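Okay, here's what each chain looks like letter by letter:
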Amino acid sequence: MGRCRVREVTVNADGMADGVIYYDGDGNECYQRAEVVVMACNGIGTPRILLNSRSSAFPDGLANSSGLVGKNLMFHPVGFVQGVFEEQLDSHRGPTGCCILSKEFYETDETRGFLRGYNMQITRGSGPFNTAAQGFASGRIPWGKKHHEAFSRYFDHVASVGILCEDLPEEHNRVTLDPELVDSDGIPAPKISYTMSENSKRMLEHGLDRAEEVLEAAGAVEMHRSGLMRQAGWHNLGTARMGNNPETSVVNAWGRSHDVRNLFVIDGSVFVTSGGLNPTSTIQALALYVADTMKKNLANLFD
Amino acid sequence: MTNIIGTDHPLTAAQRDALNALLDTLIPPSDDGQMPGAGTQDLDAFLDNPTVTGFEQTVCTMLDALGTDFATVSPAEREARVSGYQGTSPESFNEVYLQTLAMYYRRPEVLQGIGSGEGPPFPRGNEVADGDLSLLDPVLRDPKVYRPT
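Residues numbered from 1 in each chain as written. Chains lettered and ligands numbered in written order. Predicted model: local features only at pLDDT ≥ 70, side-chain atom pairs only at ≥ 80, totals over all residues.

In terms of helices and strands, chain A carries five helices and twelve strands. For chain A, the C-alpha atoms occupy an extent of roughly 75 × 50 × 35 Å along the three principal directions. Classification of the 303 residues of chain A by burial places 40% in the buried group. Considering only contacts within chain A whose residues lie at least 6 apart along the sequence, 67% involve residues at least 24 apart. (Helix = DSSP H or I, 4+ residues; strand = E, 2+ residues; numbered from the N terminus. Buried ≥ 20, exposed ≤ 12 C-beta atoms within 10 Å, placed from the backbone. Contact = placed C-beta atoms within 7 Å.)

A tally of regular secondary structure across chain B gives seven helices and zero strands. In sequence order, the secondary structure elements of chain B are arranged as α-α-α-α-α-α-α. Across the 149 residues of chain B, 23% fall into the buried class. Partitioning the intrachain contacts of chain B with sequence separation of at least 6 by distance along the chain shows that 60% fall at a separation of at least 24.

Here the focus is the interface of chain B and chain A. Contacts between chain B and chain A engage 22 residues on the former and 19 residues on the latter. Breaking the side of chain B that touches chain A down by element, the ones donating at least two residues are helix 1 (13–26) and helix 5 (90–104) of chain B. Broken down by element, the residue count for the side of chain B that touches chain A peaks at four residues, all from helix 5 of chain B. Of the residues contributing to the side of chain B that touches chain A, the split by class is 15 nonpolar, five polar and two charged. (Nonpolar A, V, L, I, M, F, W, Y, C, P; charged D, E, K, R; others polar.)

Here we come to helix 4 (residues 198–217) of chain A. Residues spaced three or four apart along an α-helix point in a common direction, a consequence of the helix completing one turn every 3.6 residues. Residue and element names in this part refer to chain A. Between the first and last C-alpha of helix 4 there are 29 Å, a value that for 20 residues agrees with the 28 Å anticipated at 1.5 Å per step. Along helix 4, the residues classified as buried are Ser200, Met203, Leu204, Gly207, Leu208, Ala211 and Leu215. Projected down its long axis, helix 4 shows its buried positions confined to an angular sector of 135°, all on one face. Exposed residues pointing more than 90 degrees away from the buried face of helix 4 are listed as Glu198, Glu213 and Ala217. (Expected span 1.5 Å × (residues − 1). Arc of directions from axis to C-beta.)

All right, on to the nonpolar core then. Counting 32 residues, the largest nonpolar core has Val9, Leu62, Ala63, Val69, Leu263 and Val265 of chain A as its most contacted members. Contributions of two or more residues to this core are made by strand 1 (5–11), strand 2 (17–23), strand 4 (37–39), helix 1 (42–51) and strand 12 (263–265) of chain A. Residues within four places of valine 265 of chain A in sequence aside, it is in contact with Met39, Thr46, Ala240, Val251, Gly255 and Val270 of chain A. The next biggest cluster of nonpolar side chains, apart from the first, holds 31 residues, and it includes Ala159 of chain A together with Leu22, Leu63 and Val82 of chain B. (Core = buried A, V, L, I, M, F, W, Y, C linked by C-beta atoms within 7 Å.)

All right, on to the environment of valine 9 of chain A then. Residues and elements named next belong to chain A. By the secondary structure assignment, valine 9 is in strand 1. Sequence separation of valine 9 and aspartate 267 is 258 residues, and the distance between their C-alpha atoms is 17 Å. The contact partners of valine 9, leaving out residues within four places of it in the chain, are Ala17, Val20, Val37, Ile49, Ser53, Leu62 and Leu263.

Moving on: the sheet that holds strand 7 (residues 118–124) of chain A. Residue and element names in this part refer to chain A. Spatially, five strands are ordered 6-7-8-5-11 in an open sheet, and the strand pairing comes out antiparallel. Each edge of the open sheet carries a strand with a single partner, namely strand 6 (100–102) and strand 11 (222–226). With direction set aside, neighbouring strand axes in the sheet form an average angle of 15°. In this structure, strand 6 lies alongside strand 7, joined through three bridges in antiparallel fashion. Counterpart to leucine 101 in the pairing with strand 7 is glutamine 121. Packing of helix 4 onto the sheet brings it into contact with strand 5 (78–84), strand 7, strand 8 (158–165) and strand 11, and relative to strand 8 it is tilted by some 155°. (Pairing = 2+ DSSP bridges. Axes fitted to C-alpha atoms, helices over the stretch in contact; angles between N-to-C directions.)

Residues and elements named next belong to chain A. Inspection of the secondary structure assignment puts glycine 233 in the loop between strand 11 and strand 12. Linking glycine 233 and glycine 79, residues 154 residues apart in sequence, is a C-alpha distance of 9.1 Å. Dropping the residues within four chain positions of it, glycine 233 is found in contact with Phe75, His76, Pro77, Val78 and Leu164.

This part is about the pairing of strand 5 of chain A. Residues and elements named next belong to chain A. Burial of strand 5 is extensive: six of the seven residues sit out of reach of the surface. Sheet topology note: the strand 5/strand 11 ladder contains five bridges and is antiparallel. Within strand 11, the residue paired with glycine 83 across the bridge is methionine 223.

In this section: the sheet that holds strand 1 of chain A. Residue and element names in this part refer to chain A. Judged by pairing direction, the sheet is antiparallel, and its three strands sit side by side in the order 1-2-3 without closing on themselves. On the outer flanks of this sheet lie strand 1 and strand 3 (29–33), each paired with one strand and no other. Direction aside, neighbouring strands of the sheet carry axes that sit 25° apart on average. Bridge analysis of strand 1 against strand 2 gives six bridges, and the strand direction is antiparallel. If you follow valine 9 over to strand 2, its bridge partner there is valine 20.

Between the first and last C-alpha of helix 5 of chain B there are 20 Å, a value that for 15 residues agrees with the 21 Å anticipated at 1.5 Å per step. Every buried residue of helix 5 of chain B is listed here: Phe93, Glu95, Val96, Tyr97, Gln99, Thr100, Leu101, Met103 and Tyr104 of chain B.

So, on to the pairing of strand 10 (residues 188–193) of chain A. Residues and elements named next belong to chain A. With five bridges connecting them, strand 9 (residues 174–182) and strand 10 associate as antiparallel partners. Each residue of the ladder has a partner; that of valine 182, found in strand 10, is proline 188. Adjacent in sequence and paired antiparallel, strand 9 and strand 10 are bridged by five residues, among which glycine 186 carries a positive phi angle near 85°.

The subject of this paragraph is the confidence of the model for chain B. Residues and elements named next belong to chain B. This prediction gives chain B a mean pLDDT of 87; 87% of its residues lie at or above 70. Highest mean pLDDT in chain B belongs to helix 4 (residues 75–88) (98); lowest belongs to helix 7 (residues 137–141) (89). Low pLDDT (under 50) marks residues 1–7, which in the prediction has six contacts with non-local residues, meaning those over four places away or in another chain. For this predicted complex, the interface confidence score (ipTM) comes to 0.86, while the overall pTM stands at 0.87. (pLDDT = per-residue confidence, 0-100.)

Take a look at the structure:
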């Protein structure tokens, strides 16, 4: 089935999840019965469905006795510094994601003025088109007679240091249901409330300072500092956090809801901090771990 | 998709001349002759821009604004008119310029000229030079900065 949207998870008289109500691609309301419900909609979609799954037994949304479904939303504040070097770096070749990764400033050092830390990610320069297009956007590579000279200064002469911060949980950063806005099936839209913390702001500035030091030590003759990026770092995490205490977490160490014993979450919602790196591999590992745990504990999965 | 039959092309011969003059104004040949200008015989490919709705019309509107004599005026006058258009219609200008860059920086002679070589640089076609891994020795001597799990 494709192009389906789940509206809510249903529960039976015993408080167990027994299916989902969804809309198919043509907008028809449908029902899928289930023995086990596994949420995999990540940090915004999962709490959106759980909060919309209200019943007399779960008036505040499903799996939400802690009141934490949707809360502690975390992202990854990201910034970078671009260094320009005199020598040719061959920097338009090779993988783009990250050439060198440093965790030197990953652990907490309270003398820095913030908790936790960040990854430094050294990335190569861009290919020809992106070099020219980004250079045009920044005003550094104009069109016209000076184009070639400016282009040759930047193409193959750039390396960047990215700073990816570990955002920490704060309950006021949250996903709720919008009281008015709905999607085309009438399902309430998620409403995102997020304010970047002072801790994350200090962390990012510290990282950008270190990035400049690294590039200067490496011989950069020109640096361009880009602070918090609006178009990056939107990894949606933390809104159904994992823990042993039902009062302070949503799912247990198996990824199973404390409240609904056949409801599992296997996405970025279960993160308790964001971790200072891209989360997909960790989400995949958690999903595999939860699936493996379910398989190993079939006999007492719902105990 | 643009009709590839030249006689059905939406631009008149005069507009084609003006468009080539525009492209050569945006990216002129380099003074040392190493890099060509962005003017091209393959204007059909330039106009076939799937990322911008109504791109052909955007180009025609820009050419109209630049004047029917654009191809015959001096390079300085062309620059002045293009600058003026950029100021009054920045979004349309950006669409045309980005397409100019996209077409220009895929041409084999251009890639050759900037030292990139033809074709995508990764993953095939490039040998990775042996690195000096002894550079990592000071890093490896550093104490552990992460917690065991």
